[in-house]
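# Tertiary structure, described
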Amino acid sequence: MAKTIRYGYVFEQTEKAYSQGKKLIIHKGGTGSGKTYDIMLFLVVFVAMRQKGKVITVVSESKPHLDIGAIRIAQKIIQELGLAEKVVFNSTRAVLTFPTKSVIEFFSADRVEKALGARRYLLYGNEINTLKFEVWDELARRSEFVIGDFNPTAEFWLEKFLAYYGAHEIIRSNYLHNPFLPEEEKRRIELRAKLDANFRRTHVEVEYGSLEGLIFDNWRQVDAMAADLDWELRGMDFGFTNDPTALVRVGFKDGELWLDEEEYSTGLLASDLVKLFGRLGISTQDEIIADNKPETIFELRRAGYNVRAAYKPAGSIVAGIDVMKRYRLNVTKRSVNLIRELRNYMWKLDSSGKPLNEPVDKFNHAIDAVRYAVMAKTLSRKRMVKVGRV
């Protein structure tokens, strides 16, 4: 029985450019445009399943980003098309092998050196603005076809790259080009665009945004939490239907904060959180500072966990941000939602585009969890030793 393939604008435009022999295709798209899904669908249907012995390399900034993005999407597409018994996935090597003997291999930027010297038929860079130019350039020079995508949050090295490679196709898309985007997500994008001019410019008009108003720039990605932390606890921000519940492990060492996202999901009840704490090995002595939701905190405390409400007086959001900005933030690479928030958490702007001293209430669930934990240490007067400026 033939399977119906659902595809959007990005798929159509990619297939069109590829069929016309375009060797370099760049997707400049806003949130919700369906870029990653449509491009992975194109790679599976038009390349891996139709052509023999081709090597397709998909590269992104980290393995966790690939796991919840391109790899998960590829597996979903393969399942939907009824190809699960025909396509073999080697999870150790992160390679999909198709009946045509074509392969799709997935590399994160921190291990991409294994792919640098090899040649391939097609290279796909997911969110190329997060990659170093030297890495992307090295991969692209050894690829017959190159596809890249990015959200235009700020200018990066793209123009330099295009100047080196000559003829290219740039395809622009936003959420209106995605016929399968849920109505609730459309509504939230439109609401945010009304309140945030920079968001509208980036994700709706698909023009380069500005870093003016970005709250955090004092962070970097690390492989894991530091050992022998001076102190550690967890922060938790509650959500349910639309907003996620975020749980972040927060530690301090050598004048720097260390952050590891442990959960970021919607639909979690207190009973689910109890099970989650058990899976994570959280003891009844481990301290958790949570959003002030008395009923949920009561249930968690009744289950034996050391959860207490964050102190949230007037002005506590800005005060907490100020404290967090005093220290470098070391964020584990698996903390993909926290990383996304740090890249998008903005101050509100006035009519002239200047930042106000009030953050936009978006992209802040994991950040709020961190803020609760950090402020609990500050307010309890437990010294953050070896404090240094970044």
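Scroll up a little and you will see the structure.
Residues numbered from 1 in each chain as written. Predicted model: local features only at pLDDT ≥ 70, side-chain atom pairs only at ≥ 80, totals over all residues. Heavy atoms only, no water.

Pairing is mixed in the open sheet, where seven strands are placed in the order β9-β15-β12-β11-β10-β13-β14. Each edge of the sheet is formed by a strand with only one pairing partner; in this case those strands are β9 (219-222) and β14 (306-309). Each adjacent strand pair in this sheet contributes to an overall mean axis angle of 30°, direction not counted. Sheet topology note: the β9/strand β15 (residues 328-332) ladder contains four bridges and is parallel. Its bridge partner being in β15, V222 is matched across the sheet by T332. Sheet strands in contact with helix α13 (residues 336-344) are β9, β11 (245-253), β12 (256-265) and β15, and its direction is about 115° off that of β12. (Pairing = 2+ DSSP bridges. Helix = DSSP H or I, 4+ residues; strand = E, 2+ residues; numbered from the N terminus. Axes fitted to C-alpha atoms, helices over the stretch in contact; angles between N-to-C directions. Contact = heavy atoms within 4.5 Å.)

Counting across every chain of the model gives 24 salt bridges. R141 is paired through a salt bridge with E138; the nearest N and O atoms lie 2.6 Å apart. In this pair, R141 and E138 are both assigned in helix α6 (residues 133-141), three residues apart and thus about one turn of the helix distant. With relative accessibility at 46%, the residue R141 sits in the partly exposed group. Connected through shared salt-bridge partners, D137, E138, R141 and R142 make up one network. (Salt bridge = Lys/Arg side-chain N within 4 Å of Asp/Glu carboxyl O. Buried < 20%, exposed > 50% of the residue type's maximum accessible area, 1.4 Å probe, protein only.)

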